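Structural features, examined
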Amino acid sequence: MANKELSESSFWVQRIGKTSLRALHLLGVCGVGGGVLFHLARVEWHDFWLLAVVSGSLLMGWEILRDWRWLIQLKGVLTLAKLGLLCLFVPFPEHKAVLFVVVLLLSVLVSHGPAGLRHYSIWHRRRIESRREIKG
């Protein structure tokens, strides 16, 4: 996405779109959390898993298209680390609950941590500013 001023209507469409995607992602994560933490049969939370994966992929794609530097900032690096931890569900199914809690705690760190932490570049070893973000 170009680094230019958005019209007010374009801003609101993007803001509501991103907020809606985030809401769907949180719904999916809550459903997965319930299934994993309460040891429910996978069939009972599989649709939530799909919702979390699809919405999370769209949010990640949004960030990468907006500014590729997201991938070298801690917010992107930690998101990729969370994906790696989720992949450990397969070889270590007995540890799903612990892995899920760690992913959840990393999510809070990424979402609510100070900007200096989220925007820290592991490549530059300092905070780098991204292109203008659409919050959501």
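Relevant structure appears above.
First, a word on scope: everything that follows refers to the structure included in this document. (Residues numbered from 1 in each chain as written. Predicted model: local features only at pLDDT ≥ 70, side-chain atom pairs only at ≥ 80, totals over all residues. Heavy atoms only, no water.)

Inspection of the entire model under this criterion finds three aromatic pairs. For the ring pair F11 and W12, a centre distance of 5.3 Å and an interplane angle of 80° mean the geometry is edge-to-face. Relative accessible area serves as the criterion here: at 25%, F11 is assigned to the partly exposed category. Taking the centre distance of 6.1 Å and the plane angle of 70° together, the rings of W45 and W49 count as edge-to-face. Residue W45 and its partner W49 are located together in helix α2 (residues 42–66), separated by four residues, close to a single helical turn. Exposure remark for W45: the relative accessible area of 4% places this residue in the buried category. A network of ring pairs unites the aromatic residues W45, W49 and F89 as a single cluster. (Phe/Tyr/Trp six-rings, centres within 6.5 Å; stacked < 30°, edge-to-face > 60°. Buried < 20%, exposed > 50% of the residue type's maximum accessible area, 1.4 Å probe, protein only. Helix = DSSP H or I, 4+ residues; strand = E, 2+ residues; numbered from the N terminus.)

Once that is clear, we can look at α2. When the terminal C-alpha atoms of α2 are compared, their 35 Å separation across 25 residues agrees well with the 36 Å that a helix rising 1.5 Å per residue should span. Along α2, the largest kink reaches about 25° and is centred on F48. Packing partners of the buried residues in α2 comprise α1 (8–37), α3 (74–87) and α4 (96–112). (Expected span 1.5 Å × (residues − 1). Bend = angle between axes of the 7 residues up to and from the residue. Contact = heavy atoms within 4.5 Å.)

It is worth spelling out the nonpolar core at this point. Formed by V32, V36, W45, F89, L99 and F100, the largest nonpolar core amounts to six residues. The set of elements that each furnish at least two residues to this core consists of α1 and α4. Non-local contacts of F100, meaning those with residues more than four positions away in its chain, are made with V29, V32, G33, V36, L37 and F89. (Core = buried A, V, L, I, M, F, W, Y, C linked by side-chain atoms within 4.5 Å.)

Scanning the model with the defined rule gives four salt bridges in all. Residues R66 and E63 are paired through a salt bridge, measuring 2.8 Å at the closest nitrogen-oxygen approach. You can see R66 and its partner E63 sitting in helix α2, three residues apart, about one turn around the helix. Among the salt bridges present, the one from R127 reaches E129, with a minimum N-O distance of 2.7 Å. Owing to a relative accessible area of 46%, E129 belongs among the partly exposed residues under this scheme. (Salt bridge = Lys/Arg side-chain N within 4 Å of Asp/Glu carboxyl O.)

Attention now goes to the packing of α3 against α4. Between α3 and α4, whose axes approach to 10 Å, the crossing angle comes to 170°. Between α3 and α4, the crossing angle belongs to the class labelled roughly antiparallel. Contact residues: K75, L78, K82, L85 and L86 in α3; L99, V102, V103, L106, S107, L109 and V110 in α4. For the contact of α3 with α4, the per-class residue count stands at nine nonpolar, one polar and two charged. (Axes fitted to C-alpha atoms, helices over the stretch in contact; angles between N-to-C directions. Parallel < 35°, antiparallel > 145°, perpendicular 65-115°, else oblique. Nonpolar A, V, L, I, M, F, W, Y, C, P; charged D, E, K, R; others polar.)

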